[in-house]
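Examination of the molecular architecture
Each chain, written out:
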Amino acid sequence: MELYNTNLFRYPATFVTTSENKPIFVEVSVTKADQDLGFMIQTCFVSPNSDPTIASDYTLIENICPTDDSIKYYPQRGDFSVLHAQMDRKRFSFTFRSKFNVSLLFLHCEMSPCTKRHADDRGLPKCIQPDEACISVNVDLILAMAMNTKTSTKPLVVVSDHKPPEPPVPTIRTIPQTPENGQKSIMYVLDTPTVVGIAFTAFVIGALLTGALWFIYSHTGDAAKRRRVPQSPPASENSSAAHSIGSTQSTPCSSSSTA
């Protein structure tokens, strides 16, 4: 089994990268020794488990009948070379629809040999087309296919088409050009938390400055009061003044006695 990115089925991909609603092209081929031999794709499903024995609810084909409405079959191209005469191919595509929240999935397809004759002595079931299997498959056919089956698995790498959200950018309002200024002016608008932070910072700075000024004023006023207290004159100056007053008062008495 090989997976392709286009319906040309030319270059198989080792790892197919898919995303939501992207088509995946599948080719299943077998080598046969008898021209009357063929094979049928019994089941195909997508699973997050690499083990094909673990069932999954994302089924594409079940009992040869397509169960996904996006399944599309492609006819085998005519090639009459000896190599291609020994090969039997079946090609189909389906649209991927994500049902699992994982980045790595697995496509499991189970094939069963069949015969193009009406009867076969090896007990192989008769080859039927997918549209016929949707209305005429029976238990005997299912049991006959289960006797000889082979499962092939291919990985699918799932990527997302959604881009991560971009970080918000500052809002800039542009005032239209006016005849008065002849130029466009740009106004930068700050958000509310920024404005509140600036106002609170200004309030704290103002409170600190007020406290510092009050501290300086209180200490400077006490020093000025201490300098304005009056001081008494020296003792030498008081005695000189008293002596001058006494000598002045004794003058009239001396003049009186002389007379």
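In the annotation of an unreviewed UniProt entry, the protein is listed under the name ZP domain-containing protein and assigned to Anguilla anguilla. The annotation that UniProt attaches to the protein under Subcellular location (unreviewed entry) is "Secreted".

Looking now at the pattern of salt bridges. All told, the structure shown has seven salt bridges when counted by the stated rule. Of the charged contacts, one joins Arg 91 and Glu 27 as a salt bridge, the two residues approaching to 2.5 Å between their closest N and O atoms. Within this pair, whereas Arg 91 is found in strand 8 (residues 87–95), its partner Glu 27 is found in strand 3 (residues 23–31), the two being separated by 64 residues in sequence. Taking the relative accessible area as the measure of exposure, Arg 91 reaches 13% and is therefore buried. A salt bridge links Arg 97 to Asp 68; its shortest N-O distance comes to 3.4 Å. Of this pair, Arg 97 sits in the loop between strand 8 and strand 9 (104–115) while Asp 68 sits in the loop between strand 6 (65–66) and strand 7 (72–74); the two residues are 29 residues apart in sequence, bridging distant segments of the chain. We classify Arg 97 as partly exposed; its relative accessible area is 31%. One connected set of salt bridges, linked through shared partners, spans Glu 27, Arg 89 and Arg 91.

As paired elements, strand 4 (residues 37–47) and strand 5 (residues 58–62) share four bridges and run antiparallel to each other. The residue of strand 5 that forms the bridge with Cys 44 is Ile 61. As paired elements, strand 5 and strand 6 share two bridges and run antiparallel to each other. The partner of Glu 62 across the bridge, within strand 6, is Cys 65.

Here is what the cut-offs are and how they apply
Sequence order sets the numbering: in each chain, residues are counted from 1 along the sequence as written. This being a predicted model, a pLDDT of at least 70 is required before a residue's local features are given, and a value of 80 or more before pairs of side-chain atoms are given or counted; all residues contribute to the totals for chains, interfaces and linings. Note: side-chain values were computed over all heavy atoms of the structure, leaving out hydrogens and water. UniProt positions are given in the numbering used here, feature names are shortened, and annotations may be inferred rather than shown by experiment. Between Lys or Arg on one side and Asp or Glu on the other, a salt bridge is scored when a side-chain nitrogen of the former is within 4 Å of a carboxyl oxygen of the latter. The secondary structure listing takes helices from DSSP runs of H or I that are at least 4 residues long and strands from runs of E that are at least 2 residues long, numbered from the N terminus. Burial here depends on accessible area, computed with a 1.4 Å probe over protein chains only, as a share of the maximum for the residue type. Under 20% is buried, over 50% is exposed, and the range in between is partly exposed. At least two DSSP bridges between two strands are required for those strands to pair.

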